Amino acid sequence: MDLESVADELYGLPPDEFVEARGRHAAAARKARDRELADRIGALRRPTQSAWTSNMFVRAHPEQVARMLELGEGLRQAHQELDPGQLRTLSRQKHTVVGELARQARQLAADTGHPIGEAAQLEVEATLHAALADPQAAQAWASGRLAKPLSATGFPAIPVTAPLPTAPRATTSAPSAPQRSSAGGGNDATTATADEQRRARLTQARQDADAADRRAREREDDLEQAETLVREAQEHAAAVAGELSDAQERARAAKSALGEARHRATEAGRRARQARRDARTARSRSERLAADGD
């Protein structure tokens, strides 16, 4: 038994079976006196519903995983090369693929008897976006061992159907250069302010999400610690119960042996008393015979 094989098994189970299976493997590692492995198994987190759905999809559709990884590499390369045409093409493909795979993942969860809601599906979509944007996230997603959904930092905003620039038409009533400069400057300032506001809102949203994630991890840690204590108490109780059962069995055997010994002693006493009576009878008969002879 090793951590890789155990993790691969655990993250392929439905979430409601995860904790029991993890405890069973950790107990087996402790029984084998591998405390380090037991601790590492015990530290594996139970997957959220959306993470489990992503894991099941990855395991069920390796060909779709390869398609996603290839698309992610193309998107990241296009962003590095700042190729607008390629970006528009890949961005359209990205939205189509993410929507399609998220729907497939939700259907798969329903088919296996663990349907997910809208919130979980949005987390599945966020995980797919993260896998497209970041190679490490892609590797984590493709492993099929997610414990929680992934969040993407995102690509730079690229319009899906951005219009191509056109040359300005010459007119006799064109505004003067200062007027065009002033209007352009105002638009630039407005756009910059809007961008700053969007970045501020995004930063705040990420901070709120990080705080919520920390609280969720803390609650999960508390739950896992409680589950560990319960499991250890159950194991101890089972061991004590086993010892008690053995002691009770030994007591029953001893009681049975004692009863048998008492029975044998009683029978031996009865035979001894009968032997004494027989001896007295024989003596009496011998004495009478002797008296008759005289």
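All values derive from a computational prediction rather than experimental measurement.

Summing up its helical and strand segments, the chain has 9 helices and 0 strands in all. Reading the chain from its N terminus to its C terminus gives the helix and strand order α-α-α-α-α-α-α-α-α. Looking at the chain as a whole, 25% of its 294 residues are labelled buried. At a minimum sequence separation of 6, the contacts of the chain that also span at least 24 residues come to 70%. Per element, the accessible surface of the chain, about 19,500 Å² overall, is 53% carbon and sulfur.

To continue, consider the nonpolar core. Met68, Leu128 and Trp141 are the most contacted members of the largest nonpolar core, which has 30 residues in total. Contributions of two or more residues to this core are made by α4 (49-60), α5 (62-81), α6 (84-111), α7 (118-133) and α8 (135-143). In terms of residue count, α6 provides more of this core than any other element does, 8 residues in total. Once residues within four sequence positions are removed from consideration, Met68 is found in contact with Val97, Leu101, Leu128, Ala131, Leu132 and Trp141. Counting 15 residues, the second largest nonpolar core, distinct from the first, contains Ala7, Leu13, Ala26 and Ile41.

This structure, assessed with the given rule, holds 10 salt bridges. Of the charged contacts in the structure, one is a salt bridge between Arg59 and Asp8, with a shortest N-O distance of 3.7 Å. One end of the pair, Arg59, is in helix α4; the other, Asp8, is in helix α1 (residues 3-10), and 51 residues separate them in sequence. The exposure class of Arg59 is partly exposed, given its relative accessible area of 33%. Residues Glu100 and Arg67 are paired through a salt bridge, measuring 3.7 Å at the closest nitrogen-oxygen approach. Here the residue Glu100 occupies a position in helix α6, and Arg67 occupies one in helix α5, the gap between them amounting to 33 residues. Since its relative accessible area comes to 25%, Glu100 is described here as partly exposed. Arg67 sits in the partly exposed class, given a relative accessible area of 32%. Through salt bridges with shared partners, a single network forms among Glu4, Asp8, Arg59 and Arg145.

This brings us to α7. Compared with an ideal rise of 1.5 Å per residue, which puts 16 residues at 22 Å, α7 spans 23 Å between its outermost C-alpha atoms and is within 8% of the ideal. Among all positions in α7, only Ala120, Gln121, Val124, Thr127, Leu128, Ala130, Ala131, Leu132 and Ala133 are buried.

This part covers unusual backbone geometry. Residues other than glycine seldom take positive phi values, yet Arg33 does so here, at roughly 65°. With respect to the secondary-structure elements, Arg33 resides in the loop between α2 (15-31) and α3 (35-42). Take Arg33: its relative accessible area is 79%, and that puts it in the exposed class.

The tally for this structure, following the rule as stated, stands at 1 aromatic pair. When the ring of Tyr11 is compared with that of Phe18, the centres are 5.2 Å apart and the planes differ by 50°; the resulting orientation is tilted. Of the two residues, Tyr11 and Phe18, neither departs from the other in class, the shared state being buried.

As a further point, take the packing of α2 against α3. Contact pair α2 / α3: the axes reach a minimum separation of 7 Å and the direction vectors enclose 170°. Classified by the angle between their axes, α2 and α3 sit roughly antiparallel to one another. Along its contact with α2, which presents Arg22, His25, Ala26, Ala29 and Arg30, the element α3 presents Arg35, Leu37, Ala38, Ile41 and Gly42.

A cluster of basic residues, Arg273, Arg276, Arg277, Arg280 and Arg283, forms a positive patch on the protein surface. Summarising the element assignment, Arg276 is placed in helix α9 (residues 177-293).

Along the chain, Thr53 falls in helix α4. Taking the relative accessible area as the measure of exposure, Thr53 reaches 1% and is therefore buried. Reaching out from Thr53, the side chain makes a polar contact with the backbone oxygen of Gln49 at a distance of 2.9 Å. Those residues within four positions of Thr53 in sequence are excluded, and the remaining contacts are Ala105, Arg106, Ala109, Ile116 and Val124.

What follows deals with the environment of Ala43. Looking at the secondary structure, you find Ala43 in the loop between α3 and α4. When the C-alpha positions of Ala43 and Ala26 are compared, they lie 9.7 Å apart, and in sequence the two are 17 residues distant.

What follows concerns the confidence of the model for the chain. Confidence in the prediction for the chain averages 78 pLDDT; 73% of positions are at 70 or higher. Mean pLDDT per element in the chain: α9 is the minimum at 71, and α4 is the maximum at 95. In the model, residues 155-186 has pLDDT below 50 throughout and makes 19 contacts with residues more than four positions away in sequence or in other chains.

Cut-off values and rules
- Residues numbered from 1 in each chain as written.
- Predicted model: local features only at pLDDT ≥ 70, side-chain atom pairs only at ≥ 80, totals over all residues.
- Heavy atoms only, no water.
- Helix = DSSP H or I, 4+ residues; strand = E, 2+ residues; numbered from the N terminus.
- Buried < 20%, exposed > 50% of the residue type's maximum accessible area, 1.4 Å probe, protein only.
- Contact = heavy atoms within 4.5 Å.
- Areas by Shrake-Rupley, 256 points an atom, 1.4 Å probe, with all protein chains shown as cover.
- Core = buried A, V, L, I, M, F, W, Y, C linked by side-chain atoms within 4.5 Å.
- Salt bridge = Lys/Arg side-chain N within 4 Å of Asp/Glu carboxyl O.
- Expected span 1.5 Å × (residues − 1).
- Phe/Tyr/Trp six-rings, centres within 6.5 Å; stacked < 30°, edge-to-face > 60°.
- Axes fitted to C-alpha atoms, helices over the stretch in contact; angles between N-to-C directions.
- Parallel < 35°, antiparallel > 145°, perpendicular 65-115°, else oblique.
- Patch = residues over 30% accessible without salt bridge, like charges linked within 9 Å, V, L, I, M, F, W, Y side chains within 5 Å.
- Lys, Arg positive; Asp, Glu negative; His and termini not counted.
- Charge placed at Lys NZ, Arg CZ, Asp CG, Glu CD.
- Polar contact = N/O pair within 3.5 Å; in protein donor to acceptor, adjacent residues only side chain to side chain.
- pLDDT = per-residue confidence, 0-100.

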